[in-house]
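# Commentary on secondary and tertiary structure
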Amino acid sequence: MMTKSNATKKRIVFCDFDGTITINDNIIAIIKHFNPEGWERIAERTIATELTIQDGVGQLFRLLPSSLRDEVVSYGVNNVRIRDGFAEFLSYCKEQNIEFYVTSGGIDFFVYPTLEPFDIPRDHIYCNSSDFSGERIEILWPHPCDEHCHNHCGMCKTTIMRRFPEDQYERIIIGDSVTDFEGAKLADRVYSRSHLTVKCRELGLAHTEFDTFHDIIAAMADEERK
């Protein structure tokens, strides 16, 4: 609900990429496609939070030789499927003067090419980087946790959010994963699906479920009318 206290705040969206902007999880899809030995156990331990996101994703890509660069990049880009209503949601944000940022645990080689047609400024896209110069693919982490987070997130979404103070911004998060949950705790509004919805229910965190971005547009428009 729009209250007097947040009516004067600048609205800002922090939107996840894999499984949110896209229908599929591209990191898992890439690793599953090339099927290096031992990847399933690493993925299971990461999802179960036995490994940090940084450790898990780093280990997964380290299973792949850099000689596969062209094939990995090609599959990563061509495998992407955009969730229905995304382009319309970006238009809605522009019309409503809502700042839009992508906060992704994904990798630059598929995140940037996928988002290029949508004219999102590069400095509004936060994601991890890749290095194919060695024998194995290495993932780089240009957006680490600040002093308030010690989860070794890799790409720390709460660190990005804290750059936009709660007294000046109405912070809105859109996501699907446990990696979005810490950010959801800081947000004024949460639009969730999949694992994020489960986590929000477990801890009683207010959230609005969505399937497409059309659902989010409708929910935001409904909030405006209240």
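Source: prediction; values computed, not measured. (Residues numbered from 1 in each chain as written. Predicted model: local features only at pLDDT ≥ 70, side-chain atom pairs only at ≥ 80, totals over all residues. Heavy atoms only, no water.)

## Considerations on the nonpolar core
Ranked by internal contacts, the top residues of the largest apolar core, which has 45 residues, are Phe61, Phe89 and Phe100. Ignoring anything within four residues of it in the chain, the contact list for Phe100 reads Val13, Cys15, Ile21, Phe86, Phe89, Leu90, Cys93, Ile120 and His124. In this structure, Phe14, Tyr126, Ile160 and Cys200 belong to the second largest nonpolar core, which totals 16 residues. (Core = buried A, V, L, I, M, F, W, Y, C linked by side-chain atoms within 4.5 Å. Buried < 20%, exposed > 50% of the residue type's maximum accessible area, 1.4 Å probe, protein only. Contact = heavy atoms within 4.5 Å.)

## Details of the pattern of salt bridges
Counted by the stated rule, this structure contains 14 salt bridges. With a closest N to O distance of 2.9 Å, Lys157 and Asp16 form a salt bridge. In this pair, Lys157 is assigned in helix α9 (residues 157-161) and Asp16 in the loop between β1 (10-15) and α2 (17-21), connecting sequence segments 141 residues apart. According to the relative accessible area criterion, Lys157 is buried, its value standing at 5%. (Salt bridge = Lys/Arg side-chain N within 4 Å of Asp/Glu carboxyl O. Helix = DSSP H or I, 4+ residues; strand = E, 2+ residues; numbered from the N terminus.)

## Comments concerning the packing of aromatic side chains
Within this structure, the stated rule accounts for 16 aromatic pairs. Note on Phe89 and Phe213: the rings are 5.5 Å apart at their centroids and 35° apart in plane angle, and the pair reads as tilted. You can see Phe89 sitting in helix α7 (residues 86-95) and its partner Phe213 sitting in helix α12 (residues 213-225), a full 124 residues away along the chain. Given a relative accessible area of 0%, Phe89 falls into the buried group. Overall, Phe213 belongs to the buried group, its relative accessible area being 0%. Through pairs of rings, three or more aromatic residues link up here, namely Phe86, Phe89, Phe100, Phe118, Phe210 and Phe213. Over the face of the ring belonging to Tyr112 we find Arg122, whose NZ or CZ atom lies 3.7 Å from the ring centre. (Phe/Tyr/Trp six-rings, centres within 6.5 Å; stacked < 30°, edge-to-face > 60°. Lys NZ or Arg CZ within 6 Å of the ring centre and 35° of its normal.)

## So, the environment of Leu63
In this fold, Leu63 is placed in the loop between α5 (53-62) and α6 (69-78). For Leu63, a relative accessible area of 24% corresponds to the partly exposed category. The spacing of Leu63 and Phe34 is 29 residues in sequence and 9.7 Å in space, taken between C-alpha atoms. The residues contacting Leu63, other than those within four sequence positions of it, are Pro36, Glu37, Gly38, Trp39, Ile42 and Arg136.

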